[in-house]
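Residues per chain, in single letters:
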Amino acid sequence: MSNEKNSVSLKVEQSNEVSKLQFKICSENAMLKFGQTVAKELFPGAFIALFGDLGVGKTTFVRGIAAELLIDDIASPTFTIVRSHRGSALSLDHFDAYRLADFDELFAIGYQDYLDSESVIVMEWCENVPEALPYERLELHLFGSGSEPRSVEVLAFGEKYEDLLSKIADTYGKG
């Protein structure tokens, strides 16, 4: 990714009652920092849905969240579907839906139990299982490839996530 300056812009979509922020992330380290910024505002049971092509930075973002939660050894759980990690304050369940044919496969591994827990859930490749996403959630849509900056659209569904998004904008926008 390039050495351009990271940026943030707030855009509220009134028509869909969805708050949306747009970020420009210009390096892998900035993506890690962005994940750490988000992690500082997370709460028990938070759900983050990640959308984007291969290599766009989804797992790097999750590594940033994990670093803030004092969790090591984050790798994409492509073959295991989910990896659970216990952090200092919050636990993290990291899902990867890349290889799933449909949402039934997700529920077959006990997905509802994860949703009912207090763990933070971060799921990569949500475009493969949109029916499995809870209504209230934070969505990140990542765009870009190679060395170019990443564009990240963050959408908040539900009041808790709108508050979360506002805090992220306040914190990351100052960095």
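All of these numbers come straight from a predicted model, not from anything done at the bench.

S.K.: Looking at this structure, I do not really get helix α1 (residues 28–40). What am I missing?
M.R.: Residue pairs spaced three or four apart in an α-helix point in one direction, given the helix's 3.6 residues per turn. Counted at 1.5 Å a residue, the expected span for α1 with its 13 residues is 18 Å, and the 19 Å between its end C-alpha atoms agrees. For α1, every residue scored as buried is listed here: A30, M31, F34, G35, T37, V38 and A39.

S.K.: What am I meant to see in the side chain of D96 here?
M.R.: Looking at the element boundaries, D96 is found in strand β5 (residues 91–96). Despite its burial, D96 remains without a salt bridge, the nearest opposite charge being carried by R99 at 7.2 Å. Looking at D96, its side chain comes within polar contact range of the main-chain nitrogen of Y98, at 2.8 Å.

S.K.: Sorry if this is basic, but what is going on with the packing of α1 against helix α2 (residues 58–68) here?
M.R.: Each pair of packed helices can be described by the angle between their axes along with the distance between the axes. Taken N-terminus to C-terminus, the directions of α1 and α2 make an angle of 50°; their axes are 7 Å apart at the nearest point. In terms of orientation, α1 and α2 fall into the oblique class. Both α1 and α2 take part in a crossing whose hand is right-handed. Contacts between α1 and α2 involve E28, M31, L32, F34, G35, Q36, V38, A39 and K40 on the former and, on the latter, T60, F61, R63, G64, I65, A67 and E68. For the contact of α1 with α2, the class distribution of residues is eight nonpolar, four polar and four charged.

S.K.: What is the right way to look at the environment of E17 in this model?
M.R.: Positionally, E17 belongs in the loop between β1 (7–13) and β2 (18–25). Since its relative accessible area comes to 66%, E17 is described here as exposed. Along the backbone, E17 and F157 are 140 residues apart, and their C-alpha atoms lie at a distance of 8.1 Å.

S.K.: I tried to follow the environment of G158 on my own but got confused; where do I start?
M.R.: By the element assignment, G158 lies in the loop between β8 (150–157) and α5 (159–174). Owing to a relative accessible area of 13%, G158 belongs among the buried residues under this scheme. For the pair G158 and E17, spaced 141 residues apart in the sequence, the C-alpha separation amounts to 8.9 Å.

S.K.: What am I meant to see in α2 here?
M.R.: Across the eleven residues of α2, eight count as buried, placing the element largely inside the fold. Within the sequence span of α2, burial applies to K58, T59, T60, F61, V62, G64, I65 and A66. Of the surrounding elements, those touching the buried residues of α2 are α1, β3 (47–51), β5, β6 (120–124) and β7 (137–143).

S.K.: Honestly, the pattern of salt bridges in this entry has me stumped. Any pointers?
M.R.: Close approach of charged atoms lets side chains of opposite charge pair. Taken as a whole and judged by the stated rule, the model has three salt bridges. Here E28 ties to R63 by a salt bridge, and the two come within 3.1 Å at their closest N and O atoms. A residue pair is termed long-range when its members are at least 10 positions apart, and E28 in helix α1 and R63 in helix α2 qualify at 35 residues. Assessed through its relative accessible area of 41%, E28 is described here as partly exposed. Judged by relative accessible area, which is 30%, R63 ranks as partly exposed.

S.K.: Mind showing me how you'd approach the environment of P44 here?
M.R.: Among the secondary structure elements, P44 is positioned in the loop between α1 and β3. According to the relative accessible area criterion, P44 is partly exposed, its value standing at 45%. Between the C-alpha atoms of P44 and L92, which are 48 residues apart in sequence, the distance is 9.6 Å.

S.K.: Please explain the pairing of strand β4 (residues 82–86) as it appears in this structure.
M.R.: A regular strand places its side chains so that they alternate between the two faces of the sheet. Inspection of the sheet shows β4 paired to β5 by five bridges, in the antiparallel sense. Opposite H85, over in β5, you have L92 as the bridge partner. Adjacent in sequence and paired antiparallel, β4 and β5 are bridged by four residues.

Cut-off values and rules
Residues numbered from 1 in each chain as written. Predicted model: local features only at pLDDT ≥ 70, side-chain atom pairs only at ≥ 80, totals over all residues. Heavy atoms only, no water. Helix = DSSP H or I, 4+ residues; strand = E, 2+ residues; numbered from the N terminus. Expected span 1.5 Å × (residues − 1). Buried < 20%, exposed > 50% of the residue type's maximum accessible area, 1.4 Å probe, protein only. Lys, Arg positive; Asp, Glu negative; His and termini not counted. Salt bridge = Lys/Arg side-chain N within 4 Å of Asp/Glu carboxyl O. Polar contact = N/O pair within 3.5 Å; in protein donor to acceptor, adjacent residues only side chain to side chain. Axes fitted to C-alpha atoms, helices over the stretch in contact; angles between N-to-C directions. Parallel < 35°, antiparallel > 145°, perpendicular 65-115°, else oblique. Left-handed = near helix turned anticlockwise from the far one by under 90°. Contact = heavy atoms within 4.5 Å. Nonpolar A, V, L, I, M, F, W, Y, C, P; charged D, E, K, R; others polar. Pairing = 2+ DSSP bridges.

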